Amino acid sequence: MNDRAEGARLFLKTIVARAYPRVVAANRQKSWVFFDLAFPLVGTFAMVFVYEGLHAPKQFLGFVVMGGAMLAFWQNVLWSMGAQFSWDRDNGTLELYAISPTTFEGVLLGMAVGAMFTTTIRGAAVLLIGSLLFGVSYSLSGILPAAGIFLLTLAALYCLGMLLASLFLFYSREAWHLSNALQEPVNFLSGLYFPVKALGAYVGGAASLIPLTLGLDAMRQVLLPGTPRFLSPGLETLAVAAQIPLFAFLAYSSLRFMEARARREGKLISKWS
Amino acid sequence: MVVAPAARTWTGFTTAVRLGWAVSSNWTRPALFVIYAVLRPISTALILVVMYNVITGGRGNARTYLSFLIIGTAFWAFVNEGVSEFAVGILEDRGRFKMLKYAYLAPLRFPIFLVGRASSKLTSAAASVLIVLVVATVGLRLPISPLEVNYGLLAIACLLAFIAVMAFSIALSMILLAGRDAYGYGEIMAQVLYLFSGAIFPIAVLPGPLAFLASLSPLAYWLELTRRAILHGRVYEMFPNLSDGEVLLRLALATAGTVALGYLTYLWADRRARRKGYIDMDANF
């Protein structure tokens, strides 16, 4: 077998091997299953009650429930992708990745694939529970386009997660705080609980760099008729699709740069300080 | 050298406060820490402001509700820091820094150490509360004037609430020591309290049984009093039929209940932690 074929085989094996614990172990650990469901659900309930306190039309409850389901993905990207190499360094796994005959890209892709699968199940549970509890209904004709937009959004979001993982490689205690700090501002900028149009052209335009913003808005437009339009769903989908190669390239470049720097400065093995 | 018990307690308390402050803040530069500390409450406030604007269109007659949202969000930082961050801090002391057992062995009553750690969290939350209120007052033109605040009422309400929050979070953190992977439970509890506190919506919006449960929590009365102390009748009230004194009485009773329940829970959890070796148990960090 030539080197190229052997490299591809190793790359694929790495993806499967790293995805496996994400799918299997994440469901074995019951407390994680509970958190993954409880965090977005409790947040969703709170925002639903805010709208009820404001006597908002029922349609807005649908915005919140969909936002709550997508929140599960952003939390996953932050904590299980962005901060993951930091945890791995602390428990000694990162140095094993570095000396194994595979690449960090394979490890990251495996993490992303496994996390997408697991979080999709949890996000669907949040959507189902929220929709049933608050009587939210969706346009049937929008389900198929929404599924397509959802897959594109996930791909872009997890490419962003890979970029964050490489950036966080240098952090130790800060990784936890950075993930924590990025949580709420992104909830705001991505319009998790309100239509993105309400942010205005400039803030909404800048927030569009987060794949969640346009992806969620496009899904709302096709599933919840009457959603205030920021951009047309087609244009939003196109923009999200363009973010996939963009973030993938940035993640690759950043990972190469950060890995070289981390090797030089001994950061691949130094634990928290 | 013989140190008087009171002096030793004070030294232990202040050391715990300093330790809590150092662990919370020395991972970065002070300026970045301030930005970090206000990023979350400011973002939450912005989410609520946009939601409010989307529904009300910023109508003048709904502005009392905007004040309700902003003050609730600002003061929520105390509960978030006091419950969620505190619980994570104690679990970190055990699992990551491996020093909880030394604090437990020190010639100082363990609850004093815990109160000190919680005090540092509440102190750092105070800066965030102030900044959110100032930013909201200027940015949203809320009718808040520092000269018109009823500081006496605000101070008494906050003091009682802090006692309740500390009693709750100390008992909670002792219970959480039983878990190897329990660092997220503090945040979950804070989020659940968020639902029951009237921080961002009146508790009357909750379904009947949940609204009753919320009416037993000191947090709802505390937030009501902070709003009244700051805006005197120019803010949406959750208990319009109750006078300030009646709300204060309910806060005092609910606090006393929380402290009594928290103390009993602490004693039980402490005995169990010693018996089962939770104080120095290896945990997932």
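Per chain, residues are indexed from 1 in the order of the written sequence. Here the convention is simple: chains get letters from A, ligands get numbers from 1, in the order in which they are written. Since the coordinates come from a predicted model, pLDDT governs what is reported: local features require at least 70, and pairs of side-chain atoms require 80 or more to be given and counted, while whole-chain, interface and lining totals use all residues.

## Quick word on the overall build of chain A
Part 1 of the reasoning: The helix count covers DSSP runs of H or I at least four residues long, the strand count covers runs of E at least two residues long, and both are numbered beginning at the N terminus. When its secondary structure is counted, chain A shows 12 helices and 0 strands.
Part 2 of the reasoning: Beginning at the N terminus, the succession of helices and strands in chain A can be written as α-α-α-α-α-α-α-α-α-α-α-α.
Part 3 of the reasoning: Taken along the three principal axes of its C-alpha coordinates, chain A extends 60 × 35 × 35 Å.
Part 4 of the reasoning: Residue pairs qualify as contacts under a 7 Å threshold applied to their C-beta atoms, which are placed from the backbone. Across chain A, every contact between residues at least 6 apart in sequence was considered, and the portion connecting residues at least 24 apart equals 84%.

## Focus on the overall build of chain B
Part 1 of the reasoning: The secondary structure content of chain B amounts to 10 helices and 0 strands.
Part 2 of the reasoning: Order of helices (α) and strands (β) in chain B, N terminus to C terminus: α-α-α-α-α-α-α-α-α-α.
Part 3 of the reasoning: Taking 285 residues into account, the globule formula puts the C-alpha radius of gyration at 19 Å, and chain B, at 20 Å, falls close to it.
Part 4 of the reasoning: A principal-axis box enclosing the C-alpha atoms of chain B has dimensions of 60 × 40 × 40 Å.
Part 5 of the reasoning: With C-beta atoms placed from the backbone, a residue counts as buried when 20 or more other C-beta atoms lie within 10 Å of its own, as exposed when 12 or fewer do, and as partly exposed for counts between those limits. In chain B, which comprises 285 residues, the share counted as buried stands at 47%.
Part 6 of the reasoning: Restricting the contact set of chain B to residue pairs at least 6 apart, pairs at least 24 apart contribute 83%. The reference for a compact globule is 2.2 Å times residues^0.38; the radius of gyration itself is calculated from the C-alpha atoms.

## What about the packing of helix 8 (residues 143-167) of chain A against helix 12 (residues 233-265) of chain A?
Residues and elements named next belong to chain A.
Part 1 of the reasoning: Axis angles are defined between N-to-C directions and span 0 to 180 degrees, where every axis is a line fitted to C-alpha atoms and, for a helix, only to the segment in contact. Two elements in contact, helix 8 and helix 12, have axes whose closest approach is 8 Å; the angle formed by their N-to-C orientations is 20°. Considered as vectors, helix 8 and helix 12 are oriented roughly parallel to each other. As for how helix 8 packs across helix 12, the hand of that crossing is left-handed. Counted together, Ile 149, Leu 152, Thr 153, Ala 155, Ala 156, Cys 159, Leu 160, Met 162, Leu 163, Ser 166 and Leu 167 of helix 8 and Thr 237, Val 240, Ala 241, Gln 243, Ile 244, Phe 247, Ala 248, Leu 250, Ala 251, Ser 254, Leu 255 and Met 258 of helix 12 form the full contact between these two elements.
Part 2 of the reasoning: Ten residues, namely Ala, Val, Leu, Ile, Met, Phe, Trp, Tyr, Cys and Pro, are considered nonpolar, four, namely Asp, Glu, Lys and Arg, are considered charged, and the remaining ones, Gly among them, are considered polar. In the contact of helix 8 with helix 12, the residues fall into 18 nonpolar, 5 polar and no charged. The scheme is simple: roughly parallel for angles under 35 degrees, roughly antiparallel for over 145, roughly perpendicular for 65 to 115, oblique for anything else. When the near helix sits turned anticlockwise from the far one by under a right angle, the crossing is termed left-handed; a clockwise turn instead gives a right-handed crossing.

## Side note on the interface of chain A and chain B
Part 1 of the reasoning: With 29 residues of chain A at the interface, the matching set in chain B holds 29 residues.
Part 2 of the reasoning: If you list the elements that add at least two residues to the side of chain A that touches chain B, you get helix 3 (30-53) and helix 9 (173-189) of chain A.
Part 3 of the reasoning: Classifying every residue of the side of chain A that touches chain B gives 19 nonpolar, 6 polar and 4 charged.

## Regarding helix 5 (residues 110-139) of chain B
Part 1 of the reasoning: Working rule for helices: expected span equals 1.5 Å times residues minus one. Between its terminal C-alpha atoms helix 5 of chain B stretches 44 Å, which fits the 44 Å expected from 30 residues at 1.5 Å a residue.
Part 2 of the reasoning: One or two residues past the end of helix 5 of chain B sits Arg 141 of chain B, with phi positive at roughly 55°.

## Observations regarding the nonpolar core
Part 1 of the reasoning: Note on terminology: a nonpolar core is any set of buried Ala, Val, Leu, Ile, Met, Phe, Trp, Tyr and Cys residues joined through C-beta atoms within 7 Å. Counting 176 residues, the largest nonpolar core has Tyr 51 and Tyr 158 of chain A together with Met 51 and Val 83 of chain B as the members making the most contacts within it.
Part 2 of the reasoning: Every residue in contact with Tyr 158 of chain A, bar those within four places of it in the chain, is listed here: Val 77, Met 81, Ala 112 and Met 116 of chain A.

## Quick look at the environment of Tyr 36 of chain B
Part 1 of the reasoning: By the element assignment, Tyr 36 of chain B lies in helix 2 (residues 30-56).
Part 2 of the reasoning: Given 19 C-beta atoms within 10 Å, Tyr 36 of chain B falls into the partly exposed group.
Part 3 of the reasoning: On a C-alpha basis, the gap between Tyr 36 of chain B and Ser 25 of chain B in space is 9.8 Å, while along the polypeptide they are 11 residues apart.
Part 4 of the reasoning: Here Tyr 36 of chain B is in contact with His 177 and Ala 181 of chain A, once residues within four sequence places are set aside.

## Quick notes on the confidence of the model for chain A
Atomic detail in the predicted coordinates should be set aside for any region of low pLDDT.
Part 1 of the reasoning: pLDDT measures the predictor's confidence residue by residue and takes values from 0 up to 100. Across chain A, the average pLDDT comes to 87, with 97% of residues at or above 70.
Part 2 of the reasoning: Model confidence for chain A, summarised as mean pLDDT per element, is weakest for helix 2 (residues 25-28) of chain A at 74 and strongest for helix 11 (residues 211-223) of chain A at 94.

## Focus: the environment of Ile 203 of chain B
All names here are of chain B.
Part 1 of the reasoning: Tracing the backbone through its elements, the reader meets Ile 203 in the loop between helix 7 (185-196) and helix 8 (208-214).
Part 2 of the reasoning: C-beta crowding within 10 Å serves as the criterion here: with 25 such atoms nearby, Ile 203 is assigned to the buried category.
Part 3 of the reasoning: For the pair Ile 203 and Ala 214, spaced 11 residues apart in sequence, the C-alpha to C-alpha distance is 6.6 Å.
Part 4 of the reasoning: Setting aside chain neighbours within four positions, we find Ile 203 in contact with Gly 198, Ala 211, Ala 214, Ser 215, Ala 220 and Met 238.

## Describing unusual backbone geometry
Part 1 of the reasoning: Unlike most non-glycine residues, His 55 of chain A shows phi in positive territory, near 55°.
Part 2 of the reasoning: Here His 55 of chain A is to be found in the loop between helix 3 and helix 4 (59-82).
Part 3 of the reasoning: The class of His 55 of chain A is exposed, set by 9 C-beta atoms lying within 10 Å.
Part 4 of the reasoning: Of note in this structure, Arg 141 of chain B is not a glycine but carries a positive phi near 55°.
Part 5 of the reasoning: Positionally, Arg 141 of chain B belongs in the loop between helix 5 and helix 6 (151-176).

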